[in-house]
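Given next are the chains, with one letter for each unit.
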Amino acid sequence: MPIETNSEAAETLALKALAYLVNSPDELDRFLATSGVNVHTLRSTAGEPELLAAVMDFLLSQEALLTRFCEDESLDSKTIHLARRALPGA
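This is a predicted model, so every value here is computed, not measured. (Residues numbered from 1 in each chain as written. Predicted model: local features only at pLDDT ≥ 70, side-chain atom pairs only at ≥ 80, totals over all residues. Heavy atoms only, no water.)

Visitor: When you look at helix 1 (residues 7-22) in this model, what are you seeing that I'm missing?
Guide: Counting along an α-helix, one turn takes 3.6 residues, and residues three or four places apart therefore face a common direction. For helix 1, built from 16 residues, the straight-helix expectation of 22 Å at 1.5 Å per residue is met to within 8% by its first-to-last C-alpha distance of 22 Å. If you follow the buried residues of helix 1, they end up packed against helix 2 (25-35), helix 3 (39-45), helix 4 (49-61), helix 5 (63-73) and helix 6 (77-85). The N-capping residue of helix 1, defined by a side-chain oxygen 3.1 Å from the backbone nitrogen of glutamate 8, is asparagine 6. (Helix = DSSP H or I, 4+ residues; strand = E, 2+ residues; numbered from the N terminus. Expected span 1.5 Å × (residues − 1). Contact = heavy atoms within 4.5 Å. Polar contact = N/O pair within 3.5 Å; in protein donor to acceptor, adjacent residues only side chain to side chain.)

Visitor: I keep staring at the pattern of salt bridges and nothing clicks. Help me out?
Guide: Once the charged atoms of two side chains with opposite charge are near each other, the side chains can pair. Inspection of every chain in the model, using the stated rule, returns four salt bridges. The partner of arginine 68 in a salt bridge is glutamate 27, with the nearest N and O atoms 2.9 Å apart. Of this pair, arginine 68 sits in helix 5 while glutamate 27 is found in helix 2, placing the two residues 41 residues apart along the sequence. In this structure, aspartate 57 engages arginine 84 in a salt bridge whose closest nitrogen and oxygen atoms are separated by 2.5 Å. Highlighted residues: aspartate 57 in helix 4 and arginine 84 in helix 6, separated in sequence by 27 residues. Residue aspartate 57 is classed as partly exposed on the basis of its relative accessible area, which comes to 38%. Residues joined in a network through salt bridges with shared partners are Glu27, Arg30 and Arg68. (Salt bridge = Lys/Arg side-chain N within 4 Å of Asp/Glu carboxyl O. Buried < 20%, exposed > 50% of the residue type's maximum accessible area, 1.4 Å probe, protein only.)

Visitor: Honestly, the nonpolar core in this entry has me stumped. Any pointers?
Guide: Nonpolar side chains tend toward joint burial in soluble globular proteins. Within the largest apolar cluster, 27 residues are counted, with the highest numbers of intra-cluster contacts made by Phe31, Leu42, Met56, Leu59, Phe69 and Ile80. With residues up to four places along the chain from it excluded, the contact list for phenylalanine 31 reads Leu21, Gly36, Leu42, Leu51, Ala54, Val55 and Phe58. (Core = buried A, V, L, I, M, F, W, Y, C linked by side-chain atoms within 4.5 Å.)

Visitor: I keep staring at the confidence of the model for the chain and nothing clicks. Help me out?
Guide: Caution applies to low-pLDDT parts of the model: their predicted coordinates are not meant to be read in detail. The share of residues in the chain with pLDDT of 70 or more is 93%, and the mean pLDDT across the chain is 92. Within the chain, no element has a lower average pLDDT than helix 3, which sits at 94, and none a higher one than helix 5, at 97. (pLDDT = per-residue confidence, 0-100.)

Visitor: Is there a simple way to explain helix 5 in this structure?
Guide: Every buried residue of helix 5 is listed here: Leu65, Leu66, Phe69 and Cys70. The buried residues of helix 5 occupy an angular sector of 130 degrees when projected down its axis, which confines them to one face. Exposed and facing more than 90 degrees away from the buried side of helix 5 are Glu63, Glu71 and Asp72. Where helix 5 is buried, its residues meet helix 1, helix 2, helix 4 and helix 6. Following helix 5 by one or two positions, serine 74 has its phi on the positive side, about 55 degrees. (Arc of directions from axis to C-beta.)

Encoded structure:
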């Protein structure tokens, strides 16, 4: 993903981060508890920019999780920060 991140690329990256959380039950539980989102809402709003922004905020607030995600996706953490800025509420 290029360093200059547009909203579409940011949403794609955030969806990857969401999938990463879904595949890590403990991390998903922590995200749900921290964000106040329930599983039903998560399913119905998964593609919404606001939810994706919350996923990126959570990822950025968890250093170990951020590091693992970046390693798994071969990304620099700067890309995550730039993607977050391209989503609502930044």
